[in-house]
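Tertiary structure, described
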Amino acid sequence: MPARYHILRLSPGRTGRRAFSSTKAVGGTGKKWNILFFGSDDFSCSILEKVIQKDLASHIHVVVPSSKRIGRNRQELYIPELLTLSQRLSLPTTTWTRPFTLPSTFSDTRSPTNLLLSASFGHLIPSSVIDAFPHTQALNVHPSLLPRWRGPAPVFWTLLNGDKHTGVTIQELQKGAFDGGRILGQVHTNVGLEDDYAILLGRLKESAGDLTVDVLKNFDKYKAQIQTQDMNGVSHAPKITRDHARINWDEWDRATLHLYNRALRHKV
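First, a word on scope: everything that follows refers to the structure included in this document. From a predicted model like this one, the values you see are computed outputs, not experimental measurements.

1. Observations regarding the pairing of strand 1 (residues 33–39)
Within a regular strand, the side chains alternate between the two sheet faces. Of all seven residues in strand 1, seven are buried; the element is thus mostly enclosed. Of the two faces of strand 1, both are covered, the one formed by Trp-33, Ile-35, Phe-37 and Gly-39 as well as the one formed by Asn-34, Leu-36 and Phe-38. As defined by bridge partners, strand 1 adjoins strand 2 (residues 57–64) across six bridges and the pair is classed as parallel. Within the sheet, the bridge partner assigned to Asn-34 lies in strand 2 and is His-59. Two strands pair when backbone bridges link them, and strand 1 and strand 6 (residues 114–119) are joined in this way by six bridges, in the parallel orientation. Paired with Gly-39 across the strands is Ala-119, a residue of strand 6.

Spelled out as structure tokens, the structure:
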């Protein structure tokens, strides 16, 4: 299991463009990574912070979904947490659109240091973008032990199912589908009987950052042990809807209510 590190803490008033050095060898390439980072939420923020803290990139360009109105009567404006972080760090940032234009810093598709890294992005990254990166250098960080719980809500379904174990997977991005790529690395964690969504996600964020750092530092080792997912173990984690929060008092027992409480408490 990779070593554990403290997440970089950023002060609200921090300004100025983030400076990256470019001398430290990583991943067997002799240079640091030139990263195109796709993400949206706190899970992806934790990963980006760890990569920056461990000085693994010569350049990072961030891609985020559009801000949008959400909630009852669309009165609340959702701004991706990753956008707030990237602006605070003065990282170059692009809002996701289709078709997507690759930033000019990734125009040399033969560069061995170019890396696409995604986490909780929520949109299918086109094959044309994946193909612009070297083989096995378009990756995704997913908070489950794939092939279990493919999809947008793995933490919710882990808790609702009463799983005793989960973890984080770093996989190769699959063209045309979510969460079916070959696996470079995984880290496991136990799920406590009283763990709720916030507690478990906090632990997975730490594990995801640590695993990402280890994979980027030792990329050739992980690439050499890449494995295809076992289709016999596939399960799906669809998006949470309002129907999931409707309590069936006539059919649910105390144990089921407890599982729903653990999985949905953060939404209350």
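2. Concerning the sheet that holds strand 9 (residues 183–190)
On the basis of which strands lie adjacent, the open sheet formed by seven strands has the order 5-2-1-6-7-8-9 and mixed pairing. Either end of the sheet is taken by a strand with one partner, and the two such strands are strand 5 (93–95) and strand 9. Neighbour-to-neighbour, the strand axes of the sheet open up by a mean angle of 20°, direction not taken into account. Pairing between strand 2 and strand 5: three bridges, direction parallel. Within the sheet, the bridge partner assigned to Val-62 lies in strand 5 and is Thr-93. Against the sheet, helix 5 (residues 197–217) contacts strand 1, strand 6, strand 7 (138–142), strand 8 (165–172) and strand 9, and its axis sits at roughly 35° relative to strand 8.

3. Looking at the packing of aromatic side chains
Within this structure, the stated rule accounts for 10 aromatic pairs. Centre to centre, the rings of Phe-38 and Phe-100 are 5.7 Å apart; their planes meet at 55°, and the pair counts as tilted. Separated by 62 residues along the polypeptide, Phe-38 in strand 1 and Phe-100 in the loop between strand 5 and strand 6 bring together distant segments of the chain. Here Phe-38 matches Phe-100 in class, with each residue buried.

4. Things to note about helix 5
Think of an α-helix as 3.6 residues a turn; residues three or four steps apart then line up on the same face. For helix 5, which comprises 21 residues, the first-to-last C-alpha distance of 30 Å matches the rise-based estimate of 30 Å (1.5 Å per residue) to within 8%. Helix 5 sits mainly inside the fold: 16 of its 21 residues count as buried. Where helix 5 begins, one side-chain oxygen reaches toward the backbone nitrogen of Ala-198, 3.3 Å away; that side chain belongs to Asp-196.

5. Focus on a positive patch on the surface
A surface patch of positive charge is lined by Lys-68, Arg-72, Arg-74, Lys-239, Arg-242 and Lys-267. Here Lys-239 shows up in the loop between helix 6 (219–224) and helix 7 (254–264). Overall, the relative accessible area of 62% leaves Lys-239 in the exposed class.

6. Some details on the nonpolar core
Judged by nonpolar contacts, the single largest core of 53 residues is most densely connected at Ile-35, Leu-48, Ile-60 and Val-141. Take this core: its biggest share by element is nine residues, from helix 5. If sequence neighbours within four positions are ignored, Ile-35 has contacts with Val-51, Ala-57, His-59, Ile-60, His-61, Phe-106, Leu-115, Leu-117 and Leu-216. Residues Leu-116, Ile-130, Phe-133 and Leu-173 belong to the second largest nonpolar core, which totals 15 residues.

7. Digging into the environment of Ala-237
Topologically, Ala-237 is positioned in the loop between helix 6 and helix 7. Under the relative-accessibility criterion, Ala-237 is labelled buried at 0%. Residues Ala-237 and Arg-150 lie 87 residues apart in sequence; the distance between their C-alpha atoms is 5.6 Å.

8. A short note on helix 1 (residues 42–53)
Between its terminal C-alpha atoms helix 1 stretches 16 Å, which fits the 16 Å expected from 12 residues at 1.5 Å a residue. Counting buried residues along helix 1, 10 of its 12 residues qualify, which places the element largely inside the surrounding structure. Buried residues along helix 1 sit in contact with strand 1, strand 2, helix 2 (81–88), strand 6, strand 7 and helix 5. Of the residues flanking the start of helix 1, the one acting as N-cap is Asp-41, its side-chain oxygen 3.2 Å from the backbone nitrogen of Phe-43. Phi turns positive one or two residues past the end of helix 1, at Asp-55, with a value near 55°.

Calculation notes
Residues numbered from 1 in each chain as written. Predicted model: local features only at pLDDT ≥ 70, side-chain atom pairs only at ≥ 80, totals over all residues. Heavy atoms only, no water. Buried < 20%, exposed > 50% of the residue type's maximum accessible area, 1.4 Å probe, protein only. Helix = DSSP H or I, 4+ residues; strand = E, 2+ residues; numbered from the N terminus. Pairing = 2+ DSSP bridges. Axes fitted to C-alpha atoms, helices over the stretch in contact; angles between N-to-C directions. Contact = heavy atoms within 4.5 Å. Phe/Tyr/Trp six-rings, centres within 6.5 Å; stacked < 30°, edge-to-face > 60°. Expected span 1.5 Å × (residues − 1). Polar contact = N/O pair within 3.5 Å; in protein donor to acceptor, adjacent residues only side chain to side chain. Patch = residues over 30% accessible without salt bridge, like charges linked within 9 Å, V, L, I, M, F, W, Y side chains within 5 Å. Areas by Shrake-Rupley, 256 points an atom, 1.4 Å probe, with all protein chains shown as cover. Salt bridge = Lys/Arg side-chain N within 4 Å of Asp/Glu carboxyl O. Lys, Arg positive; Asp, Glu negative; His and termini not counted. Charge placed at Lys NZ, Arg CZ, Asp CG, Glu CD. Core = buried A, V, L, I, M, F, W, Y, C linked by side-chain atoms within 4.5 Å.

Distances and angles like these do not, on their own, reveal function.
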